[in-house]
Amino acid sequence: MTSIVTPDICDAHPEVDVLEPIFVNIGGREAFGGPIRTVKCFEDNSRVKEAVAEPGDGAVLVVDAGGSMRCAMLGDMLAEQASSNGWAGVVMYGCVRDVDVLAETALGVQAIGAHPRKSEKRGEGQRDIAVTFAGVTIAPGQWLYADNNGIIIAKEQLS
């Protein structure tokens, strides 16, 4: 798929799941997509930090942060590391910070809000498990496509 236009994807593939429209497109890439890897954590971004330090190989990190609006789970330093390590994007069911810098970073970022406070670091959370939020269950190995219109989950890569 050369360009990501989620309305066109929905028209061509009505079987895809669409996340509820609660996300804001914040990153420097307005449209992004790739295979999904997941993190589930709450107000502790230790597992997010671990994930973005690894090679992304064009994947999208989907983070179930429990919808917390009390701290940010991704900021400029982790976003830059994710970009440098080849991640296509991050979808954060929680908050991010440093939004002006994120908008200039070569990384897709969608989140439910911004918050200036950083998260705790307790080493808690899980990786590579199915997560459910915004009306959709999302599993590692599925594909995510996102743009200014919304976020789509497909069972496999779409052509």
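Provided above is the structure to which this section pertains.
A. Looking closely at the nonpolar core. Grouped together as the largest cluster of nonpolar side chains are 24 residues, with contacts concentrated most on Val48, Leu61, Val63, Leu74, Trp87, Met92 and Val96. Looking at this core, the elements that each hand over two or more residues are helix H2 (46-52), strand S4 (60-64), helix H3 (76-84), strand S5 (89-96) and strand S6 (108-114). In this view, Leu61 contacts Arg37, Thr38, Val39, Val48, Ala51, Val52, Trp87, Gly89, Val90 and Val91; residues no more than four positions away in its chain are not counted. Among the nonpolar cores identified, the runner-up in size contains 18 residues, and Ile138, Ala146, Ile151 and Ile153 belong to it.

B. Representation of the packing of aromatic side chains within the structure. Tallied over the full model, the rule gives three aromatic pairs. Relative to Phe133, the ring of Phe23 lies with its centre 6.1 Å away and its plane at 55 degrees, an arrangement referred to as tilted. Pair noted here: Phe23 is in the loop between strand S1 (17-18) and strand S2 (24-25) and Phe133 is in strand S8 (residues 131-133), with a separation of 110 residues, a long-range link. Per residue, the accessibility class of Phe23 equals that of Phe133, and both read buried.

C. Up close: the pairing of S6. In terms of burial, S6 is a largely internal element, six of the seven residues being buried. Across two bridges, the pairing between S2 and S6 is antiparallel. Pairing of Asn25 across the sheet is with Gln110, part of S6. Where S5 meets S6, six bridges bridge the pair, whose relative direction is parallel.

D. Fine view of the pairing of strand S10 (residues 143-147). Where burial is concerned, most of S10 is hidden: five out of the five residues are buried. Burial of the side chains of S10 extends over both faces: Trp143, Tyr145 and Asp147 are buried on one face and Leu144 and Ala146 on the other. Strand direction decides the pairing type here: strand S3 (residues 32-40) and S10, joined by four bridges, are antiparallel. Counterpart to Gly33 in the pairing with S10 is Tyr145. Where S10 and strand S11 (residues 150-154) come together, five bridges link them in antiparallel fashion. Bridge pairing in S11 places Asp147 opposite Gly150. The antiparallel hairpin formed by S10 and S11 contains two residues in its connecting segment.

E. Seen up close, the pattern of salt bridges. One pass over the structure, following the stated rule, counts eight salt bridges. The partner of Glu50 in a salt bridge is Arg47, and the shortest N-O contact between them spans 2.6 Å. One end of the pair, Glu50, and the other, Arg47, are both in helix H2, three residues apart, so they sit about a helical turn from each other. Look at Glu50 and you get partly exposed, because its relative accessible area is 35%. For Arg122, the salt bridge is made with Glu124, and the minimal N-O distance between the two is 3.3 Å. Arg122 sits in the partly exposed class, given a relative accessible area of 42%.

Conventions adopted
Residues numbered from 1 in each chain as written. Predicted model: local features only at pLDDT ≥ 70, side-chain atom pairs only at ≥ 80, totals over all residues. Heavy atoms only, no water. Core = buried A, V, L, I, M, F, W, Y, C linked by side-chain atoms within 4.5 Å. Buried < 20%, exposed > 50% of the residue type's maximum accessible area, 1.4 Å probe, protein only. Helix = DSSP H or I, 4+ residues; strand = E, 2+ residues; numbered from the N terminus. Contact = heavy atoms within 4.5 Å. Phe/Tyr/Trp six-rings, centres within 6.5 Å; stacked < 30°, edge-to-face > 60°. Pairing = 2+ DSSP bridges. Salt bridge = Lys/Arg side-chain N within 4 Å of Asp/Glu carboxyl O.

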